[in-house]
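# Residue-level structure breakdown
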Amino acid sequence: MFEEEKLVYCIDANILIQAWQKYYSPEICPSYWEVLNDLGKKGVIFIPELVYEEIEKGEDNLFEWLKNSDIPIKKIDGEVTNCLKNIYALDSSHKYLVSSNGIHSKADPWVIAHAMKENAIVVTKETKDFFKKQTKIKIPHVCDNMNVKWIDDFEFIKNLNIKFICKTE
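A brief look at the structure comes next. (Residues numbered from 1 in each chain as written. Predicted model: local features only at pLDDT ≥ 70, side-chain atom pairs only at ≥ 80, totals over all residues. Heavy atoms only, no water.)

### Some points on the overall build of the protein chain
- Counting its secondary structure elements, the protein chain contains eight helices and five strands.
- Written out in order from the N terminus, the α and β elements of the protein chain read β-α-α-β-α-α-β-α-α-β-α-β-α.
- Across the 169 residues in the protein chain, those meeting the buried criterion constitute 43%.
- Sequence separation of 24 or more characterises 74% of the internal contacts of the protein chain that already satisfy a separation of 6 or more.
- For the protein chain, the accessible area works out to roughly 10,100 Å², and carbon and sulfur atoms hold 50% of it. (Helix = DSSP H or I, 4+ residues; strand = E, 2+ residues; numbered from the N terminus. Buried < 20%, exposed > 50% of the residue type's maximum accessible area, 1.4 Å probe, protein only. Contact = heavy atoms within 4.5 Å. Areas by Shrake-Rupley, 256 points an atom, 1.4 Å probe, with all protein chains shown as cover.)

Written out as structure tokens, the structure reads:
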């Protein structure tokens, strides 16, 4: 009998940062962070090393939580570097994922490259911008160009059948 292939998710920094600072902060939704930790332990989710470094620069406790979590941090290797080269080789506009003015995360192209290597689904808060400028491109556009599946965190929660229980204390 064949074992069903396990889906793996590559988490963009904005998923963790926005959830921590806003709608799933540990004060109001601690179970979200327990679930993420458990998913990391099971190898269902991972973050690229550059996402880890981006979160390290933050001014909140997210990095402390992440550092102590069981979420795997994938390092850049030759295979990931080759995936990145393929991203840039396919379309010259892909270079605009990272900008010199710091608006775009330096981790963005690596998120896609790691997902390509691991055959993972990218989870990002970014959305397609259909009125985009030629010099700005977002993760979903590049994922589509590279045939890498991408979803937002709400679809991620639905896909994994994560349920939240609300209670007063």
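### Overview of the pattern of salt bridges
- In this structure the tally under the stated criterion is nine salt bridges.
- Between Asp 77 and Lys 117 there is a salt bridge; the shortest N-O distance is 2.4 Å. Residue Asp 77 is found in the loop between strand S3 (73-74) and helix H5 (78-90), and its partner Lys 117 is found in helix H6 (residues 108-118); the two are separated by 40 residues along the sequence.
- For Lys 125, the salt bridge goes to Asp 153, with nearest N and O atoms at 3.0 Å. Placement of Lys 125 in the loop between strand S4 (121-123) and helix H7 (139-145) and of Asp 153 in helix H8 (residues 153-159) is noted, with a sequence separation of 28 residues between them.
- The buried category is assigned to Asp 153, whose relative accessible area is 0%.
- One network of salt bridges, with partners in common, ties together Lys 74, Asp 77, Lys 117 and Glu 118. (Salt bridge = Lys/Arg side-chain N within 4 Å of Asp/Glu carboxyl O.)

### A word on the packing of helix H1 (residues 13-21) against helix H2 (residues 30-41)
- Where H1 contacts H2, the two axes come as close as 11 Å, and the packing angle between them is 155°. Our classification of the angle between H1 and H2 gives roughly antiparallel. The element H1 and its partner H2 pack so that their crossing is left-handed. Mapping the contact onto sequence places Ile 15, Leu 16, Ala 19 and Trp 20 in H1 and Tyr 32, Trp 33 and Leu 36 in H2.
- Considering only residue class, the contact of H1 with H2 consists of seven nonpolar, no polar and no charged. (Axes fitted to C-alpha atoms, helices over the stretch in contact; angles between N-to-C directions. Parallel < 35°, antiparallel > 145°, perpendicular 65-115°, else oblique. Left-handed = near helix turned anticlockwise from the far one by under 90°. Nonpolar A, V, L, I, M, F, W, Y, C, P; charged D, E, K, R; others polar.)

### Describing H2
- Counted at 1.5 Å a residue, the expected span for H2 with its 12 residues is 16 Å, and the 17 Å between its end C-alpha atoms agrees.
- Taken together, the buried positions of H2 are occupied by Tyr 32, Trp 33, Leu 36, Asn 37, Leu 39 and Gly 40. Relative to the axis of H2, the buried residues are bounded by an arc of 160° and lie together on one face. For H2, exposure combined with an orientation more than 90 degrees from the buried face picks out Glu 34 and Lys 41.
- Buried positions along H2 lie against H1, strand S2 (45-48), helix H4 (62-67) and H8. (Expected span 1.5 Å × (residues − 1). Arc of directions from axis to C-beta.)

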